[in-house]
Amino acid sequence: MTDGALDALVDTHCHLDAPEFDDDRAAVWQRAQHHGVTAALVPAVEPASWQKTLDCAALDDGLRAALGVHPQYLHRLDDAALDDALASLEGRIRGARAVVTAVGECGFDGSTEALRATLDRQRRVFFAHVEVARALELPLVVHVLRAHGEALAAMRAVKLPREPGVIHSFSGSAELVREYTALGWHLAMGGAVTRATARRPVEATRVIPAERLLLETDAPDQTPTGVPERRCEPMHLAVIAHRVADVRGEPVEALARRCNDNAKRLFFR
Ligand SMILES: [Zn+2]
């Protein structure tokens, strides 16, 4: 390692299958590896792209996939299409168990009026994902944005998998860290913690137990502050690792090693 460079980083949330990477996907992953990112979990967002997500994860030994339906994509599915997707989810994952190591992305989003109006539907979809995760003994990849109360209530109303999984790109307070970790969740920090105004993510980052902390880029979204590129790429994970280590007052090498061990335990068994 030279000059703060890290190796063997795991990006636990990276939409490498997104259209934003259609023109240079292989180069993006090569750059990531050049910057020390040796493994990544690629979560699907909607049934129409499940096959693309699987194909993407098959590109390299270090890639794994999750299959699910993201709350922000629910509006694209009528009830029949949604029921079909949820009914086929377990079978699709069983058919691709070599690369699929998690169920999701699913979750709760109340960030707009239109999304708030679908929270009942989001809850039903979340419960279906939980059922599949329990049947396959896989962890969940969960998105929660401005709906922490709804998410926690749903999580307390079901029997979660023994290893529940991750709340990705965690946006909650330090108090919410305690509520999620009490239920067994891991929490992943991304680009938000690099913002100069990021008081809440910084406070949350400080109190996440070391054995529950994960790192992610959420590429192509959430470009960290201070990098020259506009589009977020998995290669930016080192920037996030340095910031998280800084905030927690830990040496970055030790922090990265701990987060990587956590990620491997959860998603790369
Ligand atoms: Zn995502």
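Quick note: structure is the one above.
Basis of the calculations
Residues numbered from 1 in each chain as written. Predicted model: local features only at pLDDT ≥ 70, side-chain atom pairs only at ≥ 80, totals over all residues. Heavy atoms only, no water. Donors = N, O, S within 2.8 Å, 3.2 Å for Na, K, Ca; no water. Buried < 20%, exposed > 50% of the residue type's maximum accessible area, 1.4 Å probe, protein only. Pairing = 2+ DSSP bridges. Helix = DSSP H or I, 4+ residues; strand = E, 2+ residues; numbered from the N terminus. Axes fitted to C-alpha atoms, helices over the stretch in contact; angles between N-to-C directions. Contact = heavy atoms within 4.5 Å. Right-handed = clockwise from strand over helix to strand, strands pointing away. Expected span 1.5 Å × (residues − 1). Arc of directions from axis to C-beta. Phe/Tyr/Trp six-rings, centres within 6.5 Å; stacked < 30°, edge-to-face > 60°. Parallel < 35°, antiparallel > 145°, perpendicular 65-115°, else oblique. Left-handed = near helix turned anticlockwise from the far one by under 90°. Nonpolar A, V, L, I, M, F, W, Y, C, P; charged D, E, K, R; others polar.

A.B. asks: It is not clear to me how the coordination of the zinc ion should be interpreted in this structure. Could you clarify?
C.D. replies: Reference geometry at the metal: tetrahedral coordination by four donors gives ideal angles of 109.5 degrees; octahedral coordination by six donors gives 90 or 180 degrees. Every protein donor of the zinc ion is listed here as His13 (NE2), His15 (NE2) and Glu105 (OE), and their distances to the metal cover 2.0 to 2.2 Å. Coordination of the zinc ion draws on donor residues from a single chain, spaced H-x1-H-x89-E in sequence. The burial state of His13 is the same as that of His15; both residues are buried.

A.B. asks: Help me understand the sheet that holds strand E7 (residues 186-189) in this model?
C.D. replies: Sheet strands associate in pairs through backbone hydrogen bonding, adopting either a parallel or an antiparallel arrangement. If you walk across this open sheet you meet the 8 strands as E1-E2-E3-E4-E5-E6-E7-E8, and the pairing is parallel. On the outer flanks of this sheet lie strand E1 (9-11) and strand E8 (213-215), each paired with one strand and no other. Each strand of the sheet is rotated relative to its neighbour by a mean of 25°, with strand direction disregarded. Sheet topology places strand E4 (residues 100-109) next to strand E5 (residues 140-145); 6 bridges connect them, and they run parallel. Following the sheet pairing, Val103 is matched in E5 by Leu140. Lying over the sheet, helix H5 (residues 119-136) contacts strand E3 (63-67), E4 and E5, oriented at roughly 160° with respect to E4.

A.B. asks: Can you walk me through the pairing of E5 in this structure?
C.D. replies: Successive residues of a regular strand alternate their side chains across the two faces of the sheet. Among the 6 residues that make up E5, 5 are buried, leaving the element largely enclosed by the rest of the structure. On the question of chirality, the crossover connecting E5 to the parallel strand E6 (residues 165-168) by way of helix H6 (residues 148-157) is right-handed.

A.B. asks: I keep staring at helix H10 (residues 252-267) and nothing clicks. Help me out?
C.D. replies: Over its 16 residues, H10 extends 22 Å from the first C-alpha to the last, a length consistent with the 22 Å expected when each residue adds 1.5 Å. Buried within H10 are the following residues: Val252, Leu255, Ala256, Cys259, Asn260, Asn262, Ala263, Leu266 and Phe267. Down the axis of H10, the sector holding all buried residues measures 160°, keeping them to one side.

A.B. asks: Can you help me understand the environment of Met189 in this one?
C.D. replies: One can find Met189 in strand E7. When its relative accessible area of 1% is taken as the criterion, Met189 is described as buried. Linking Met189 and Thr217, residues 28 residues apart in sequence, is a C-alpha distance of 8.2 Å. Not counting residues within four places of it along the chain, the set of residues in contact with Met189 comprises Phe170, Pro201, Thr205, Ile208, Leu213, Leu214, Leu215, Glu216, Ile240 and Val244.

A.B. asks: Would you explain unusual backbone geometry in this entry?
C.D. replies: Across the chain, the bulk of peptide bonds are trans and the bulk of non-glycine residues have phi less than zero. The linkage connecting Gly104 with the following residue, Glu105, adopts the cis geometry, with an omega of 15°. Of note, Glu105 is situated in strand E4. The residue after Ala219, namely Pro220, is reached through a cis peptide bond having omega 10°. Along the polypeptide, Pro220 turns up in the loop between E8 and helix H9 (237-248). Phi angles above zero are rare outside glycine, and Arg146 is one such case at about 50°. Relative to the helices and strands, Arg146 resides in the loop between E5 and H6.

A.B. asks: Would you take a moment to explain the side chain of Thr53 for this structure?
C.D. replies: Structurally, the position occupied by Thr53 is in helix H2 (residues 50-57). The class of Thr53 is buried, set by a relative accessible area of 0%. Excluding residues that lie within four positions of it along the chain, Thr53 makes contacts with Asp17, Val42, Pro43, Ala44, Ala65, Ala66 and Leu67.

A.B. asks: Honestly, the side chain of Thr181 in this entry has me stumped. Any pointers?
C.D. replies: You can see Thr181 is positioned in helix H7 (residues 174-182). When near neighbours in sequence (up to four residues on either side) are disregarded, Thr181 contacts Leu187, Pro209 and Arg212.

A.B. asks: Explain the packing of aromatic side chains to me, please; I cannot follow it from the model alone.
C.D. replies: All told, the structure shown has 3 aromatic pairs when counted by the stated rule. With a centroid separation of 6.2 Å and an interplanar angle of 50°, the aromatic rings of Phe126 and Phe127 are classed as tilted. On the basis of relative accessible area, Phe126 is assigned to the buried category, the value being 0%. For the ring pair Phe170 and Tyr180, a centre distance of 5.8 Å and an interplane angle of 85° mean the geometry is edge-to-face. Residue Phe170 is located in the loop between E6 and H7, and its partner Tyr180 is located in helix H7; the two are separated by 10 residues in the primary sequence. Of the two residues, Phe170 and Tyr180, both sit in the buried class.

A.B. asks: How do you make sense of the packing of helix H3 (residues 79-94) against H5 when you look at a structure like this?
C.D. replies: Geometry of a packed helix pair, given as the angle between the helix axes and the separation of the axes. Relative orientation of the contacting elements H3 and H5 amounts to 15°, with a least axis distance of 10 Å. What the angle tells us is that H3 and H5 run roughly parallel. Between H3 and H5 the crossing geometry is right-handed. Of H5, the residues touching H3 (which contributes Asp79, Leu82, Asp83, Leu86, Leu89, Glu90, Ile93 and Arg94) are Arg121, Arg124, Val125, Ala128, His129, Val132, Ala135 and Leu136. Here the residues of the contact of H3 with H5 are counted per class, giving 9 nonpolar, 1 polar and 6 charged.

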